[in-house]
Amino acid sequence: MGRAAIAVAVAGAAVLAGCTVQAPDGGGKSRSPVHIELPGDTPSPARSPDDGGGPSTTPDPPGDDKPSAAPVPARVLWSRGDTGRDVRELQARLRQVAWLFDGPTGTYDESTERAVGGFQGKRGLPRTGKADSVTWQRLLRMTREPGTWDLYLMGGQPADPPDPRCTTGRVLCIDKTSRTLRWMIDGRTVSTMAVRFGSKGTPTREGVFSVYWKSRDHVSTLYDSPMPYAMFFSGGQAVHYSPDFAARGYAGASHGCVNVRDEGAIAELYAQVRDGDKVVVSW
């Protein structure tokens, strides 16, 4: 068999076997030995520029130059118009860091919105005035858990069930535990309001009494302080309006009287109460 025929036969066998034959260079000389890959053999790994081969076909890993997903905005927890106990806690905590001076009221109002916005701006957060999850977590780290009378510093707390002695007749039913006064007639609550009491040195007396004197524009002769809408029930102790309670809430105390901070509410109460109506003061 001639050389040409032998060459053709070898090439045909190579194709059938799945191998590759490198062609001779321009001078007729082979550049490298024949490389044969038989069926079932594991293919040779691709060669990269690092080991002398061509460009790698392996996909590039994700890089920092690719655009990242837009940040997810913080979830809004409370905003203007919301009400409830959680809003009270937000307001109480804002008071602790001196961003809010009124309340807590339990209503997310304009002043609360301004306070939240100021707190956010001071700390480089988006100044939205809405209490979102990021703002709330920052505020939690800076404040302590508010107590009951931090949440209800300016009143608004629910009244406890009335003392059994309050369920008959016309009664000023005063509860030291919930710090409330119920005006009750024959077991029905007509109105409820927040009240405060005397300090440890001048406590409000407990027991069953009756209103023995009303004085619309009374001024204390002992402390030289105004006691409007005074309804006396035990010595010099009376239920009356207190501008100090209206301004400072439970941060202060009386000299033994039962203070009311809502002037409109006590004005209505004063108009209804009569001399001789029962007064019950209890824990």
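Since the model is a prediction, treat every value here as computed from it, not as a measurement.

Enquirer: Even after reading the chapter, I still don't get the packing of aromatic side chains, so can you show me in this structure?
Expert: Ring pairs (aromatic) are described by centroid distance and by the angle formed between their planes. Applying the stated criterion across every chain yields a total of 7 aromatic pairs. Aromatic side chains tyrosine 212 and phenylalanine 232 sit 6.3 Å apart centroid to centroid with 45 degrees between the ring planes, which places their arrangement in the tilted category. Of the two residues, tyrosine 212 sits in the loop between strand S6 (207-210) and strand S7 (213-219) while phenylalanine 232 sits in strand S8 (residues 226-234), which places them 20 residues apart along the sequence. Of the residues examined, tyrosine 212 reaches a relative accessible area of 43% and is grouped as partly exposed. Aromatic side chains tryptophan 213 and phenylalanine 232 sit 5.1 Å apart centroid to centroid with 20 degrees between the ring planes, which places their arrangement in the stacked category. Placement of the pair is tryptophan 213 in strand S7 and phenylalanine 232 in strand S8, with a sequence separation of 19 residues. What makes tryptophan 213 partly exposed here is its relative accessible area of 41%. The exposure class assigned to phenylalanine 232 is buried, which follows from its relative accessible area of 4%. Among the aromatic residues, ring-to-ring pairing joins Trp149, Phe245 and Tyr250 into one connected group. Taking the ring centre of tyrosine 250 as reference, the NZ or CZ of arginine 179 above it sits at 4.7 Å.

Enquirer: So what exactly am I meant to see when it comes to the packing of helix H3 (residues 110-122) against helix H4 (residues 133-142) here?
Expert: A packed helix pair is summarised by two numbers, namely the angle formed by the two axes and the spacing between the axes. Contact pair H3 / H4: the axes reach a minimum separation of 11 Å and the direction vectors enclose 80 degrees. It follows from the interaxial angle that H3 and H4 lie roughly perpendicular. Touching Val116, Phe119 and Gln120 of H3 are Thr135, Arg138, Leu139 and Met142, all from H4. For the contact of H3 with H4, the residue count by class is 4 nonpolar, 2 polar and 1 charged.

Enquirer: Explain the layout of surface pockets to me, please; I cannot follow it from the model alone.
Expert: The gaps left among the atoms become clear once a water-sized probe is rolled over them. In this structure, the largest pocket encloses a volume near 440 Å³. Tyr223, Ser225, Met227, His240 and His255 are, among the 23 residues lining the largest pocket, the residues nearest its centre. Put simply, the parts of the chain that give the lining of the largest pocket at least two residues each are S8, strand S9 (237-241) and helix H6 (243-248). The class makeup of the residues in the lining of the largest pocket is 9 nonpolar, 12 polar and 2 charged. Of the pockets and cavities examined, the second largest pocket occupies roughly 280 Å³. Along the wall of the second largest pocket there are 14 residues; nearest its centre are Arg179, Phe197, Gly198, Ser199 and Trp283. Considered class by class, the residues forming the lining of the second largest pocket number 5 nonpolar, 4 polar and 5 charged.

Enquirer: Would you explain the sheet that holds S6 in this entry?
Expert: Consider a sheet: its strands pair through backbone hydrogen bonds, and that pairing is either parallel or antiparallel. As summarised here, the arrangement of the 9 strands in space is S6-S11-S3-S4-S5-S10-S9-S8-S7, forming an open sheet in which the pairing is mixed. Each of the sheet's edge strands pairs with one partner strand only, and the pair in question is S6 and S7. Here the strands of the sheet are splayed against their neighbours by 30 degrees on average, with no regard to which way each runs. Pairing of strand S5 (residues 188-196) with strand S10 (residues 258-260), which is carried by 2 bridges, proceeds in the antiparallel orientation. From the neighbouring strand, arginine 196 faces S10, where its bridge partner is asparagine 259.

Enquirer: Looking at this structure, how should I read the state of the cysteines?
Expert: Two cysteines form a disulfide when their sulfur atoms are joined by a covalent bond. Inspection of the entire model under this criterion finds 1 disulfide. Linked covalently through their sulfurs, cysteine 166 and cysteine 173 form a disulfide whose S-S length is 2.2 Å. The sign of the 80 degrees torsion about the S-S bond sets the cysteine 166-cysteine 173 disulfide as right-handed. For cysteine 173, a relative accessible area of 6% puts it in the buried group.

Enquirer: Where do I start with unusual backbone geometry in this structure?
Expert: Across the chain, the bulk of peptide bonds are trans and the bulk of non-glycine residues have phi less than zero. Look at the link from glycine 103 to proline 104: it is a cis peptide, with omega at 5 degrees. Locating proline 104 in the fold gives a position in the loop between helix H2 (85-96) and H3. Positive phi values are uncommon outside glycine, yet arginine 179 reaches one of about 55 degrees. Its location among the elements puts arginine 179 in the loop between strand S3 (170-175) and strand S4 (180-185). One non-glycine residue, aspartate 186, lies in the positive phi region at around 55 degrees. Tracing the sequence through the fold places aspartate 186 in the loop between S4 and S5.

Calculation notes
Residues numbered from 1 in each chain as written. Predicted model: local features only at pLDDT ≥ 70, side-chain atom pairs only at ≥ 80, totals over all residues. Heavy atoms only, no water. Phe/Tyr/Trp six-rings, centres within 6.5 Å; stacked < 30°, edge-to-face > 60°. Helix = DSSP H or I, 4+ residues; strand = E, 2+ residues; numbered from the N terminus. Buried < 20%, exposed > 50% of the residue type's maximum accessible area, 1.4 Å probe, protein only. Lys NZ or Arg CZ within 6 Å of the ring centre and 35° of its normal. Axes fitted to C-alpha atoms, helices over the stretch in contact; angles between N-to-C directions. Parallel < 35°, antiparallel > 145°, perpendicular 65-115°, else oblique. Contact = heavy atoms within 4.5 Å. Nonpolar A, V, L, I, M, F, W, Y, C, P; charged D, E, K, R; others polar. 1 Å grid on protein atoms, 1.4 Å probe; cavity = no way out; pocket = protein on both sides within 12 Å on 5 of 7 lines; lining within 4 Å. Points joined across faces, edges and corners; volume = space filled by probe spheres on them. Pairing = 2+ DSSP bridges. Disulfide = S-S within 2.5 Å.

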